[in-house]
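Here is what each chain is made of, one letter per residue.
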Amino acid sequence: MFERVGLTTDIVGGAVDYVYQVLDSIDENLVEGGSDRFAAFVELATLSAVIGNLFRRGIERESDGAFVSNAPHTYPDLLGAKPGCADLEIKVALETNKPKGHLVKSGLYLTVRYVLGSQSGTYSRGRENRGSVVWIWEVRLGYLDQSHFNFSNTEGDSGKTAVINTRGMNALGVVYCDLDRTPLAPRGRVYAELARLYE
């Protein structure tokens with residue numbers, strides 16, 4: 001799949017590192033000023049949006065111009081700027097949550113899922129054990145069509161919501177995984193499948 005869209009493992013890995021570098025820089029200034037870390041005082045939806053924006057910028061930066069950011073709030077997030085590079089939409093979610101957006105749109109997707117651990121890199125499963133440092137544990141890539149979303153537009157709801165469903169997540173291939181910080185149950189089927197990929 002990488003070859004068909006113009007990505008490489010180095011680009012994705014570099015984008016993950018870029019997210020860490022920027023958030024570490026923000027945290028350093030906040031802590032020096034006597035504040036909590038960034039992830040400790042922003043809403044999770046806001047944090048996910050920031051991670052998505054940083055990851056997009058990281059892809060752009062690491063690809064040497066092969067991908068460029070689209071206009072803000074415009075689908076898709078990244079435009080392929082060189083031959084062989086496809087347009088890509090980025091969706092972000094916490095832990096094992098399924099990424100979501102506002103509308104169902106077919107296309108190529110990069111999904112990023114993260115956990116909140118400690119500065120030293122440790123992570124313990126469970127909401128009550130969340131830390132204040134972002135660690136990306138999974139990136140997936142693939143094509144999603146309308147059947148890969150569950151769409152809600154209930155009157156009185158918070159608005160239109162298009163959640164990638166289980167079938168959609170299974171249609172995406174895992175291209176990055178940090179098994180040391182996964183929120184998956186270590187004895188579960190999905191964890192075992194991921195572990196086999198990285199043996």
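Cut-off values and rules
- Residues numbered from 1 in each chain as written.
- Predicted model: local features only at pLDDT ≥ 70, side-chain atom pairs only at ≥ 80, totals over all residues.
- Heavy atoms only, no water.
- Phe/Tyr/Trp six-rings, centres within 6.5 Å; stacked < 30°, edge-to-face > 60°.
- Helix = DSSP H or I, 4+ residues; strand = E, 2+ residues; numbered from the N terminus.
- Lys NZ or Arg CZ within 6 Å of the ring centre and 35° of its normal.
- Pairing = 2+ DSSP bridges.
- Salt bridge = Lys/Arg side-chain N within 4 Å of Asp/Glu carboxyl O.
- Buried < 20%, exposed > 50% of the residue type's maximum accessible area, 1.4 Å probe, protein only.
- Patch = residues over 30% accessible without salt bridge, like charges linked within 9 Å, V, L, I, M, F, W, Y side chains within 5 Å.
- Areas by Shrake-Rupley, 256 points an atom, 1.4 Å probe, with all protein chains shown as cover.
- Lys, Arg positive; Asp, Glu negative; His and termini not counted.
- Charge placed at Lys NZ, Arg CZ, Asp CG, Glu CD.
- Core = buried A, V, L, I, M, F, W, Y, C linked by side-chain atoms within 4.5 Å.
- Contact = heavy atoms within 4.5 Å.

Got a minute to help me understand the packing of aromatic side chains in this structure?
The way to describe two aromatic rings as a pair is by their centre distance and the angle between their planes. Enumeration over the complete set of coordinates arrives at three aromatic pairs. Here F38 and F41 contribute two aromatic rings whose centre-to-centre distance is 6.0 Å and whose plane-to-plane angle is 80 degrees, an arrangement assigned as edge-to-face. One end of the pair, F38, and the other, F41, are both in helix α3 (residues 38-41), three residues apart, so they sit about a helical turn from each other. A cation over an aromatic ring shows up here: R181 above the ring of W135, its NZ or CZ 3.8 Å from the ring centre.

It is not clear to me how the pairing of strand β8 (residues 161-164) should be interpreted in this structure. Could you clarify?
Across two bridges, strand β4 (residues 100-101) lies against β8 in antiparallel orientation. Along β8, the bridge assignment pairs G101 with A162.

Please explain the pattern of salt bridges as it appears in this structure.
Pairing is possible between side chains of opposite charge, provided their charged atoms come close. Enumeration according to the criterion identifies eight salt bridges in this entry. Salt-bridge contacts for E89 lead to K91; the nearest nitrogen and oxygen are separated by 3.2 Å. Each member of the pair, E89 as well as K91, carries the same accessibility label: buried. Its salt-bridge partner being E138, residue R113 comes within 2.7 Å of it at the nearest N-O pair. On the criterion of sequence distance, the pair formed by R113 in strand β5 (residues 107-117) and E138 in strand β6 (residues 133-144) is long-range, its members being 25 residues apart.

Sorry if this is basic, but what is going on with a negative patch on the surface here?
Negative charge collects at one region of the surface, where D10, D17, E62 and D64 lie side by side. Structurally, the position occupied by D17 is in helix α2 (residues 9-32). Residue class for D17 comes out partly exposed when judged on its relative accessible area of 41%.

Help me out: how do you make sense of the nonpolar core in this one?
Inside soluble globular proteins, nonpolar side chains tend to come together where they are buried. Among the nonpolar cores identified, the biggest contains 45 residues, and L7, L47, F55, I59, L110 and Y114 are the most heavily contacted of them. At the level of secondary structure, the elements contributing two or more residues to this core comprise α1 (2-5), α2, α3, α4 (44-62), β3 (89-94), β5 and β6. Ranked by the residues each element gives to this core, the list is headed by α2, at eight residues. Contact partners of I59, with chain neighbours within four places excluded, come to L7, I11, V12, A15, F67, L78 and L110.

What am I meant to see in the side chain of D27 here?
Tracing the sequence through the fold places D27 in helix α2. Residue D27 is classed as buried on the basis of its relative accessible area, which comes to 6%. If we ignore the near neighbours within four places in the chain, the residues touching D27 are R37, F38 and S132.

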